[in-house]
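If you want the building blocks of each chain, they are given just below.
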Amino acid sequence: MFDFVPQRPIPQEQDSAIRVAVWTLMSEAYRDVQLPQTLYHYTDAGGLKGIVESGLLRATHLAFMNDASEYLHAVSLLAQEIDKALLIESDPLRICLLKEVKDPVALAGPQHVGPYFVSCLSSEENSLNQWRAYGRGEGGYSIGFDLVKLNHHVLGLDGVLAPVIYEPSRQLALVQKLLQWGLSEYQKVAGTIPANDRDEHRRDWAHMFLWRATAAAPLIKNPAFVEEREWRIIFRPAWKEQVRLLPRSTGLAPFVELKLGTAAAEISSERLKHLGRASLPDRLPITKLWSGPGRARYVFVGRPYAARTNGLRWGILGSV
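Bear in mind that the values here come from a model prediction, so they are computed numbers and not experimental data.

Regarding the overall build of the chain
Step number 1: Per the secondary structure count, the chain includes 10 helices and 11 strands.
Step number 2: By the burial criterion, 47% of the 320 residues in the chain qualify as buried.
Step number 3: A sequence separation of at least 24 residues applies to 80% of the contacts in the chain between residues at least 6 apart.
Step number 4: Surface accessibility of the chain: about 16,400 Å² in total, with carbon and sulfur atoms responsible for 53%.

In structure tokens form, the structure reads like this:
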């Protein structure tokens with residue numbers, strides 16, 4: 001259903017309208033949600049070291065996350081709404097678009113996911129499920145990020161930071177709004193296309209609409225995981241060269257690195273040489289750090305780490 005990029009682009013103004021609408025509807029999905037001050041990223045010791053030493057946060061391709069079936073849950077909701085709409089629509093243009101997207105959506109699998117990359121966080125600072133899943137059971141860490149500052153950096157990357165939707169009624173509402181917007185927008189756009197070119201344009205427009213709407217899929221998750229209180233950063237790279245590969249036991253997983261901090265204060269070239277670096281990494285908006293369940297009761301974070309965060313002081317930090 002989706003290629004890395006659509007083969008035939010549609011006019012820029014039409015593409016921009018789709019992108020803005022999808023991003024807007026995703027943002028509206030949490031307008032009534034009480035925002036936490038801190039979001040927590042669960043990881044192991046290697047992940048913590050990599051984050052603070054690089055000043056970057058990794059985001060994994062949606063199809064290579066721990067449970068790729070999450071994407072198929074969102075697809076199934078869209079497929080159901082397409083079938084319902086075909087039973088009640090009477091406008092020929094809207095019906096043509098529904099028929100255009102029906103089969104590609106019904107046949108979609110994880111291998112068809114568009115180039116959307118996801119980084120996972122949680123509003124829960126001490127979640128047993130998260131410790132088990134991401135902290136490797138023992139010796140894990142929960143890194144607390146200031147939500148306001150983090151969201152500022154995500155928006156600067158043209159990404160979205162939003163809470164996962166667990167309630168089936170709200171999931172359905174988001175899918176319905178996306179589909180209805182698409183039908184209404186195409187109805188307006190198609191009227192400006194010459195009749196002889198309409199079939200080809202509809203295929204291209206539908207492709208772009210589905211490709212852009214994929215961005216909402218990571219926000220829809222099985223209600224059984226509601227205790228995780230998950231938030232997600234959703235990002236689409238501007239070019240393929242941003243994508244790197246991480247070797248796993250199951251194969252190579254595509255990921256990108258997100259720049260979510262501010263430039264570190266300048267230090268002398270002598271100190272940089274002593275550190276073996278050309279420059280210091282960005283200062284991430286980290287405000288808390290917890291070590292997870294395990295034999296160690298404390299974790300020592302020395303100056304080399306603390307210098308690269310905003311708010312943390314070096315010394316002894318307690319464990320949960």
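What to know about the packing of aromatic side chains
Step number 1: Within this structure, the stated rule accounts for 4 aromatic pairs.
Step number 2: Pairing Tyr-42 with Trp-131 gives two aromatic rings, centres 4.8 Å apart and planes at 80 degrees, and the pair type is edge-to-face. One end of the pair, Tyr-42, is in strand E1 (residues 38–43); the other, Trp-131, is in helix H5 (residues 128–134), with 89 residues separating them in the sequence. When sorted by exposure, Tyr-42 lands in the same class as Trp-131, which is buried.
Step number 3: Through a chain of ring-to-ring contacts, three or more aromatic side chains come together here, namely Trp-181, Tyr-186, Trp-205 and Phe-209.
Step number 4: One cation-aromatic arrangement involves Arg-58 over Phe-255; the distance from NZ or CZ to the ring centre is 4.3 Å.
Step number 5: If you follow Lys-221 out to its NZ or CZ, it ends over the ring of Phe-225, 5.2 Å from the centre.

Some details on the layout of surface pockets
Step number 1: Of the volumes computed, that of the largest pocket is approximately 930 Å³.
Step number 2: Forming the walls of the largest pocket are 39 residues, and the residues nearest its centre are His-41, Tyr-42, Thr-60, Tyr-134 and Arg-248.
Step number 3: At the level of elements, E1, helix H2 (45–54), strand E2 (56–61), strand E3 (117–122), H5, strand E6 (230–235), strand E7 (244–248) and strand E8 (251–259) are the ones that each hand at least two residues to the lining of the largest pocket.

Quick look at the confidence of the model for the chain
Step number 1: Averaged over every residue, the pLDDT of the chain is 84; the share at 70 or more is 84%.
Step number 2: With pLDDT under 50 throughout, residues 300–320 is counted as low confidence; its partners more than four residues away or in other chains account for 64 contacts.

Rules used throughout
- Residues numbered from 1 in each chain as written.
- Predicted model: local features only at pLDDT ≥ 70, side-chain atom pairs only at ≥ 80, totals over all residues.
- Heavy atoms only, no water.
- Helix = DSSP H or I, 4+ residues; strand = E, 2+ residues; numbered from the N terminus.
- Buried < 20%, exposed > 50% of the residue type's maximum accessible area, 1.4 Å probe, protein only.
- Contact = heavy atoms within 4.5 Å.
- Areas by Shrake-Rupley, 256 points an atom, 1.4 Å probe, with all protein chains shown as cover.
- Phe/Tyr/Trp six-rings, centres within 6.5 Å; stacked < 30°, edge-to-face > 60°.
- Lys NZ or Arg CZ within 6 Å of the ring centre and 35° of its normal.
- 1 Å grid on protein atoms, 1.4 Å probe; cavity = no way out; pocket = protein on both sides within 12 Å on 5 of 7 lines; lining within 4 Å.
- Points joined across faces, edges and corners; volume = space filled by probe spheres on them.
- pLDDT = per-residue confidence, 0-100.

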